[in-house]
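# Coordinate inspection notes
Spelled out, the chains give:
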Amino acid sequence: MRLRLSYDDRSAAILVLPVLAVLLVVAAYPILYSFWVSLHDIVLTRPLRRPFVWFENYERMLGDARFHTAVLRTTLYTVVTVTVTTVLAVGVALFLNESFRGNRLLNTLLLLPWATPSIVNGLMWKWIYDPTYGLMNALLVKLGLIDSYRAWLGDPDLTLLLISNAAIWKQMPLAALLLLVTMKAIPDDLYRAAKVDGATVFQRFVHVTLPALRPGLMLVLVYETMISIRHFDLFLIMTQGGPGDASYTLSWLIYVETFRSLRFGTGAALSYLLAMLTFLLSWLFIRFLGERNS
Amino acid sequence: MARRLMLALFSALFVLYVAGPVLWLLSSSLQMESEITAVPPNWLPPHPGMHNFVAIFSAGDSAAYTNRGIAGFLPSGAANLLPSLYNSLQVGLWVAALNLLVSLTAAYAIAVIDFKGRRATLYTVLATRVIPDIALVVPLFLVIRNLGLINSIGALVVTYLAVTVPFTIFILISYFEGIPRDLYRASRIDGCGHWGALRHVYLPLSLPALVAALMFAFLTSWNEFLFALVLTQSAAAQTLPIIIAGFVMDFTTSFSFVNAAGVIAILPPVLLAVIFQRYIVSGLTAGAVKG
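All of these numbers come straight from a predicted model, not from anything done at the bench.

So, on to empty space enclosed by the protein. Scanning the entire structure with this criterion turns up two cavities of 30 Å³ or more. Roughly 60 Å³ of volume is contained in the largest cavity. As for the largest cavity, its lining consists of Val26(A), Ala27(A), Thr128(B), Arg129(B), Leu136(B), Leu140(B), Thr159(B), Ala162(B), Val163(B) and Phe227(B). Of all the secondary structure elements, the ones that give two or more residues to the lining of the largest cavity are helix 1 (7-38) of chain A together with helix 7 (133-146) and helix 8 (153-176) of chain B. Residue contributions to the lining of the largest cavity peak at three residues, all from helix 8 of chain B. A class-by-class count of the residues in the lining of the largest cavity yields seven nonpolar, two polar and one charged. Every residue along the wall of the second largest cavity is listed here: Ser34(A), Ile254(A), Thr258(A), Phe264(A), Gly267(A), Ala268(A), Ser271(A), Ile134(B), Ala135(B), Val138(B) and Pro139(B). Counting residues per element, the ones that place at least two in the lining of the second largest cavity are helix 12 (250-260) and helix 13 (264-293) of chain A together with helix 7 of chain B.

Taking a probe equal in size to a water molecule and rolling it over the atoms shows the remaining empty space. Estimates place the volume of the second largest pocket at around 1000 Å³. Residue lining of the second largest pocket: 27 residues in total, with Leu94(A), Phe95(A), Asn97(A), Glu98(A) and Val201(A) positioned closest to the centre. Of the residues forming the lining of the second largest pocket, the biggest block, eight residues, is contributed by helix 1 (residues 2-29) of chain B. Here the residues of the lining of the second largest pocket sort into 17 nonpolar, three polar and seven charged.

Turning to the interface of chain A and chain B, a few remarks are in order. Interface extent is often summarised as the accessible area lost during association of the parts. Between chain A and chain B, the contact holds 85 residues from the first and 91 residues from the second. Summing the contributions of chain A and of chain B, the shared interface buries around 7800 Å²; its carbon and sulfur component is 81%. Together, Leu15(A), Trp127(A) and Tyr133(A) form the three largest contributors to the area buried by chain A at its contact with chain B, with a combined 9%. Put simply, chain A and chain B have two salt bridges between them. A salt bridge links Glu98(A) to Arg3(B); the nearest nitrogen and oxygen atoms lie 2.9 Å apart. Here chain A is connected to chain B by eleven residue pairs in polar contact (both at pLDDT 80 or more). It is helix 1 of chain A that contributes the most residues to the side of chain A that touches chain B, 20 residues altogether.

Evaluation of the coordinates by the stated rule reveals 23 aromatic pairs over all chains. Aromatic side chains Trp114(A) and Phe216(B) sit 6.0 Å apart centroid to centroid with 90° between the ring planes, which places their arrangement in the edge-to-face category. You can see Trp114(A) sitting in helix 5 (residues 111-115) and its partner Phe216(B) sitting in helix 11 (residues 207-223), one on each of two chains. There is no split in this pair, since Trp114(A) and Phe216(B) are both buried. Taken together, the ring pairs in this structure connect Phe95(A), Phe100(A), Phe10(B) and Phe14(B) into an aromatic cluster. The ring of Tyr279(B) carries Arg278(B) above its face, with NZ or CZ at 5.0 Å from the centroid.

Moving on, we come to the domain arrangement of chain B. Residue and element names in this part refer to chain B. Under the domain assignment used here, chain B contains domain 1 (2-66) and domain 2 (79-284). Inter-centroid distance (C-alpha atoms) of domain 1 to domain 2 is 31 Å. Counting from both sides, the interface comprises 17 residues of domain 1 and, opposite them, 15 residues of domain 2. The junction of domain 1 with domain 2 conceals about 1400 Å² of combined surface from both sides, 79% of it contributed by carbon and sulfur atoms. Linking domain 1 with domain 2 are zero salt bridges. Taken together, domain 1 and domain 2 are joined by zero residue pairs in polar contact (both at pLDDT 80 or more). Breaking the side of domain 1 that touches domain 2 down by element, the ones donating at least two residues are helix 1, helix 2 (33-36) and helix 3 (51-57). A per-class count over the side of domain 1 that touches domain 2 returns ten nonpolar, six polar and one charged.

All names here are of chain A. Mapping Glu-224 onto the fold places it in helix 10 (residues 201-228). Despite its burial, Glu-224 remains without a salt bridge, the nearest opposite charge being carried by Lys-170 at 10 Å. Beyond its immediate sequence surroundings of up to four residues, Glu-224 is in contact with Val-82, Thr-85, Gln-171 and Ala-175.

Reading guide: rules and limits
- Residues numbered from 1 in each chain as written.
- Chains lettered and ligands numbered in written order.
- Predicted model: local features only at pLDDT ≥ 70, side-chain atom pairs only at ≥ 80, totals over all residues.
- Heavy atoms only, no water.
- 1 Å grid on protein atoms, 1.4 Å probe; cavity = no way out; pocket = protein on both sides within 12 Å on 5 of 7 lines; lining within 4 Å.
- Points joined across faces, edges and corners; volume = space filled by probe spheres on them.
- Helix = DSSP H or I, 4+ residues; strand = E, 2+ residues; numbered from the N terminus.
- Nonpolar A, V, L, I, M, F, W, Y, C, P; charged D, E, K, R; others polar.
- Contact = heavy atoms within 4.5 Å.
- Buried area = accessible area lost by both parts, 1.4 Å probe.
- Salt bridge = Lys/Arg side-chain N within 4 Å of Asp/Glu carboxyl O.
- Polar contact = N/O pair within 3.5 Å; in protein donor to acceptor, adjacent residues only side chain to side chain.
- Phe/Tyr/Trp six-rings, centres within 6.5 Å; stacked < 30°, edge-to-face > 60°.
- Buried < 20%, exposed > 50% of the residue type's maximum accessible area, 1.4 Å probe, protein only.
- Lys NZ or Arg CZ within 6 Å of the ring centre and 35° of its normal.
- Domains from an automatic or database assignment.
- Lys, Arg positive; Asp, Glu negative; His and termini not counted.

Structure, rendered in structure tokens:
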């Protein structure tokens, strides 16, 4: 049997070929290769012996105390970052959805954090948190909220939250923009009808705005979770996992395992565990938020 | 009246939150080292000046560095800043151009042509973005090394191409699907093949989406850190974020210098975002309403 391709099929093949070639070499192949690596005991300081060990790397990591710490830190960081980003974004979207003078200017300003490179975001907040010369100490002392200067990032109870704060600052704009677009699509009739029924502002928000926002909210939650859970740049710049293990997240553990201990096998296994965690969380969001919708 | 007061209050809070941190960075970058290390800090530069920027653009000349008011010491990476700025620009422009070229044809095929394996192609493209970057770093390093591209601009261009292409295709597809199908049919009746339809119908009609795609590709390349950290090793290919991160983690670097470097890194993306705001917002939110 001869395979006959139509004009459409042939054209499409030529048109998608360049993209598929690039993705095959720099994405698909590395992804599969990484899985293969995760099944081997590869340590770069011992280059000649790299035995195939099945899922031993995964087992070892799942039983490793550092892994447990990292999962705990990553979860806390992600939950805080995603929750605050979303709540803040809903507020900002509601605010920008009002019509007032200067609205357009504020919309433009909203792109400032979004466009800021994450490395600059990290150095900027590190500088704000600086124990001696930072803005935060000066501001809080001036307002009378603290008596003396503190080493903010050196406080294990606060580190994760302060890094999270930097992440929220950068991520909130995109979330707000997505929600704003969804909000603008809500027909005015719904609000008018609710007004006629005597609903208060709060009731209108709960019964009209929130249900209509659900698709936008879900998009924001899934997207923000997927990127927060893998944050790395801020941790490298601001704390390098410290103080102690206060900001020792999964991404940081992968980095240390791979590039400092040069254990590529366990590093790759950890990466796959992180990918699975990401999938699981997105699935949970879609499942629970999606179901209440219907 | 109460409403106007509330809006004014919220506007003030909004500006303070969104712009405050960047303004503080800007203010710090215009101060001398002795002014920046005052306690309590100077909110505004007492004697605003461009010393730090001059030091950066004199590419590691220790005289310019000393002129800023501290003893003659030059951070080891200072000479690399200017080359890295050039590298970042080069990578960004290459990625933006190539990204558009390959995404355009692929998005056209997926959005317009009903071919065998259309869905599979789309899902393959999108699925490559689901794996965290950090999981890709090691195997990618090995692939790039085998290609002989380690520590080259080319390595970064190819990598960022793979990173940006899925999103560009996503934007372009949702834009193409909004273009009336009748225009496509008419062009086919007039004797256009797929190439002709792409050139004469889809390309001219999707300018906003194309601008958005260019912007994203450039901004992503400009801001990317992790891959650049692993794939480049010297000033020949290192990009701006790598050099800046080096400054931040080097205790001997002065704060004012770091802050000025930060301002330089922030400037191009912010300017682009402001100039192309309309396209960026419509590109970012493409598909958000459809849910």
